[in-house]
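If you want the building blocks of each chain, they are given just below.
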Amino acid sequence: MTAALDDLVATLDLEAVEVDIYRGTSPAGPGLRVFGGQVAAQALVAAGRTVTRDDLRSVHSLQAYFLRPGDPTIPILYEVDRIRDGRSFTTRRVAAIQRGEAIFHLSASFHVPEEGVAHQTPMPPVPDPETLPDWRERHGERLGGWHDRPRPVDVRYIGDPVRNGPDSPPRAPEHAMWFRADGKLDDDPMLHACIVAYASDLTLLDTIMLPHGLIWDDPDAQQVSLDHAMWFHRPLRADDWLLYTQRSPIAAGGRGLAVGTIYTRNGDLAVTVVQEGLLRTHRPTTASEAARSLSAKR
């Protein structure tokens with residue numbers, strides 16, 4: 001396991017401070033707020049700690065709302081509400097709290113494995129991850145500094161990355177990437193689900209910005225996650241390569257919607273992700289202007 005992945009796993013190992021109350025911290029870094037994927041993964045860890053898994057029940061869905069920016073310099077308390085323990089399903093609600101206020105809410109459902117009908121959208125044909133450059137090979141020395149730090153998740157963009165500079169031209173609101181934990185994890189399925197929850201927030205919201213020639217740190221744009229939902233359809237390992245296809249069907253009213261599908265290396269559709277985000281920009285972009293820009297590029 002790399003040091004960066006080891007740090008992430010340690011960040012997800014919450015401290016139990018009372019019955020159904022856990023404390024989490026954030027890794028040191030220059031960010032002014034807690035990364036959304038981190039608080040989602042930690043909240044899922046807290047929910048999972050209260051679920052008896054003798055019958056192998058695992059998380060199958062989560063719905064979450066980002067309420068306030070999290071402060072990375074102070075701990076986060078996670079309070080778990082045991083909503084229901086049924087024969088097939090277990091439901092938990094988690095509130096993440098800082099300074100006496102909720103910054104994040106998560107509802108998660110856990111399900112006993114069952115047999116049933118099965119179908120899926122096939123995985124699109126893409127290059128193998130080993131043929132694609134990693135983060136440092138892709139960006140070289142151009143970003144440097146904080147961007148050049150070791151990362152717990154190895155990301156391999158298919159085609160142009162979503163964060164390729166402040167002068168990025170408008171493009172279609174869709175992209176794909178391979179990702180995996182940068183090291184070997186133990187066999188706990190809950191840990192793998194939490195790592196995937198963490199990684200699912202890395203680039204999904206950026207998809208909304210692509211038609212408008214914006215990137216996440218553009219001074220002319222404000223980008224904030226509002227809600228995040230995931231459905232875990234099949235077991236998966238976060239330390240195996242996973243294909244993450246992402247698209248944004250709409251942006252309107254200052255908000256944008258992005259949809260992601262995560263496939264295992266052998267083509268099984270394992271996770272569906274949906275996220276809505278706030279997107280404000282000082283540029284006079286409109287849907288028709290974005291469409292004209294995309295048409296001119298084709």
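Heads up: the structure comes first, above all this text.
Asks: Just checking my understanding: could you explain the overall build of the protein chain for this structure?
Replies: Helices and strands together make up the secondary structure of the protein chain, namely five helices and twelve strands. Expressed as a percentage of its 298 residues, the buried residues of the protein chain come to 48%. For the protein chain, the share of sequence-separated contacts (at least 6 apart) that also reach a separation of at least 24 residues comes to 71%.

Asks: Could you clarify how one ought to interpret the pairing of strand β2 (residues 21-24) in this entry?
Replies: If a strand is regular, its side chains alternate between the two faces of the sheet. Burial along β2 is one-sided: Tyr 22 and Gly 24 are buried, while Ile 21 and Arg 23, pointing the other way, are not. Between the end of strand β1 (residues 15-18) and the start of β2, which pair antiparallel, lie two residues, with Asp 20 showing a positive phi angle near 65°. As paired strands, β2 and strand β4 (residues 76-85) are joined by four bridges and run antiparallel to one another. Bridging across to β4, Tyr 22 finds its partner in Tyr 78.

Asks: Please explain the pattern of salt bridges as it appears in this structure.
Replies: Think of it this way: side chains of opposite charge can pair up when their charged atoms draw near. For the structure on display, the rule yields 15 salt bridges. Where Arg 68 meets Glu 101, a salt bridge forms, and the shortest distance between an N and an O atom there is 3.5 Å. Of this pair, Arg 68 sits in the loop between β3 (58-66) and β4 while Glu 101 is found in strand β6 (residues 101-111), placing the two residues 33 residues apart along the sequence. Ionic pairing is found between Glu 276 and Arg 255, a salt bridge with its closest N-O pair at 2.8 Å. Taken together, the residues span a long stretch of sequence, with Glu 276 in strand β12 (residues 269-281) and Arg 255 in strand β11 (residues 255-264) at a distance of 21 residues.

Definitions and limits used
Residues numbered from 1 in each chain as written. Predicted model: local features only at pLDDT ≥ 70, side-chain atom pairs only at ≥ 80, totals over all residues. Heavy atoms only, no water. Helix = DSSP H or I, 4+ residues; strand = E, 2+ residues; numbered from the N terminus. Buried < 20%, exposed > 50% of the residue type's maximum accessible area, 1.4 Å probe, protein only. Contact = heavy atoms within 4.5 Å. Pairing = 2+ DSSP bridges. Salt bridge = Lys/Arg side-chain N within 4 Å of Asp/Glu carboxyl O.

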